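# Architecture at a glance
The residues making up each chain are set out below.
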Amino acid sequence: MVDITFGPPPGDRPDLTNPTAAYIHQTRRKRLYGFILLILFVALIASGFQVAEDRNAGGFLSGLHQIGAFPSEVISEAWRNRANLPALVIQHFPSLIETVNIAAAATLLGGLLGAFLALGSTRHLARFPALTPLFRRTADIMRAIPEIVIALVLIFILGGGPVPAVLAIAFHTAGALGKLFSESAENADLKPVEGLTSTGATWSQQIWLGIIPQVAPNWLSYALLRFEINIRASAILGFVGSGGIGYDLKLAMQWGGGKYDQVVAIFALLFCTIVLVDQLSGYARNRLVKGH
Amino acid sequence: MLKVSSVTRIFGQKAAVDNVSFEIDRAAFVGVIGRSGAGKSTLLRMMNRLTDASSGEISFEGRNVLTLQGAAKRAWQGQCAMIFQQFNLVPRMDVASNVLHGLLNQRSTFATMFNLWSDADITRAMQILDRLGIAEQAPKRAEALSGGQQQRVAIARALMQDPKVILADEPIASLDPMNAQVVMDALRRIHEEDGRMVIANLHTLDTARRYCDRVIGMRDGRVVFDGTPDQLTTGVARDIYGADASFNESATSTAITGPRDAAYADAMLA
């Protein structure tokens, strides 16, 4: 009772008249909290690993030595048939174009829609501030649904082919880019907007001149990152029947050995495409930021 | 002690610092003046190795610091503290931590991540803060302080480094006249009491005259004046700033003393 009323005895309390002692006390306490958190973190990771290990069919440590088994099988078979690789790369190139096309069209559509969602859901910028939650939840829902689910539904309705893939990826991309675009628009400097408002500009003029030039490099780099992700997504959608290089990959992989040279050729194509897109996006972004 | 010989820094086509040479033989308080873009900041940044020189040599106690690499370069940066116009503190960390950052050159990343400062280091940091009159601010976040206080925290961080040279890049350019004086007094006191060399870029002539033992004037990357504050007459200042006869330094002077009566105000407003 006395302790509750008067606190701990004076020796246990930091002496506020002596800032050095008070600061050392504070540092020790922070360090103690940090140490406790670290122990908790390690314990949680260890126990979580144990739970996952118990539920696993195999074991992590007992299976670890097999980690290289599949890649080495694929690569050794492809190495034996390495003479076929150039021809296979040429053979699969048209499917790659189709896949990249799906990704590009989907990124463009999704990016435009995402820009509208972003402008509608950004604080301080939205034309109708009351509607920002609506725009935000719409973007949330759009990116919560995986591409493959939308694609399966659309393939059921529209039949197989690139169109359902484009729509499915664009839908997810709009949600994802809407979120990222709105984050970067939120960090934009509002002073130019204030300057434009003071001249009597409309909302769309303010956004077009005050915000878009500021956020363009960021938006472009997010869109190009999304383009890379979409190339992979578009390849995966090939597995469920939307064509492109994913369909070729599925045919090459599904019966196990025998066509691993094709698998390697397709992966090489995908890898080169991703690297190329990355290089191009860096170049485009530099041009936009520095103007040369 | 510090010898700068033919140092040049070229950005694109333009020489920001053009064949600059001078020598400082004792731990003096040196002011560098010149208009914006004269190369003052680039010169200081090259001394601290924040910017690489295109050619030339800066030797401190007989050793060329411009060719240092890796750990040796960081050790030199530890001995040659830098103070910036915009303070360059870590805004979200408390004041004492910011001061302790002066020891980073002697600490491992691991010790830094886990905040493992010894009590002796903390005590020393608090003594430095106390010397600059801001010990009671120690637990506050750096961003919560006023500009003048933040600059004193930056000076405390510099002192924590126990440097041989303190470089101050426009230390008072973003401060009001009162805080500017507090900060300049602090720098002067450090110079006199600890015998550390201070090289400060200054943008006001009256500050240069009042605090410096020696003034170096730069224009378009070259040294155009090197002498004592007494030699820094209005005519010399006009040459340094490339100004014509209409240049009147009292028009923009921030000195609180001076002819600031009603008649002067009327004259200035007329």
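Reading guide: rules and limits
Residues numbered from 1 in each chain as written. Chains lettered and ligands numbered in written order. Predicted model: local features only at pLDDT ≥ 70, side-chain atom pairs only at ≥ 80, totals over all residues. UniProt positions renumbered as here; feature names shortened; annotations may be inferred. Axes fitted to C-alpha atoms, helices over the stretch in contact; angles between N-to-C directions. Helix = DSSP H or I, 4+ residues; strand = E, 2+ residues; numbered from the N terminus. Parallel < 35°, antiparallel > 145°, perpendicular 65-115°, else oblique. Left-handed = near helix turned anticlockwise from the far one by under 90°. Nonpolar A, V, L, I, M, F, W, Y, C, P; charged D, E, K, R; others polar. Contact = placed C-beta atoms within 7 Å. Pairing = 2+ DSSP bridges.

As annotated in an unreviewed UniProt entry, chain B carries the name Phosphonates import ATP-binding protein PhnC and comes from Cypionkella aquatica.

The name given to chain A in an unreviewed UniProt entry is Phosphonate ABC transporter, permease protein PhnE, with Cypionkella aquatica as the source organism. Under Subcellular location (unreviewed entry), UniProt gives the following word-for-word description of chain A: "Cell membrane". Listed under Sequence similarities (unreviewed entry) in UniProt, the entry text for chain A is "Belongs to the binding-protein-dependent transport system permease family."

### Topic: the packing of helix α5 (residues 85-121) of chain A against helix α8 (residues 162-186) of chain A
Residue and element names in this part refer to chain A. It is at 5 Å that the axes of α5 and α8 come closest, and there the two elements cross at 40°. As judged from the angle between their axes, α5 and α8 are oblique. Here α5 and α8 pass one another in a crossing that is right-handed. Across the contact of α5 with α8, the residue classes break down as 19 nonpolar, 8 polar and 1 charged.

### A look at the interface of chain B and chain A
Note on interface size: it is often stated as the accessible area lost on association of the parts. In this complex, chain B contributes 12 residues to the contact, which on the side of chain A involves 9 residues. Per element, the largest residue contribution to the side of chain B that touches chain A is 4 residues, and it comes from helix α5 (residues 119-131) of chain B. Among the residues making up the side of chain B that touches chain A, the classes are represented as 8 nonpolar, 2 polar and 2 charged.

### As for the pairing of strand β2 (residues 14-24) of chain B
Residues and elements named next belong to chain B. Across 7 bridges, strand β1 (residues 2-11) lies against β2 in antiparallel orientation. Note on β2: the bridge partner recorded for Arg-9 is Val-17. Following β1, the chain reverses through 2 residues before pairing antiparallel with β2; Gly-12 in that reversal takes a positive phi of roughly 65°.

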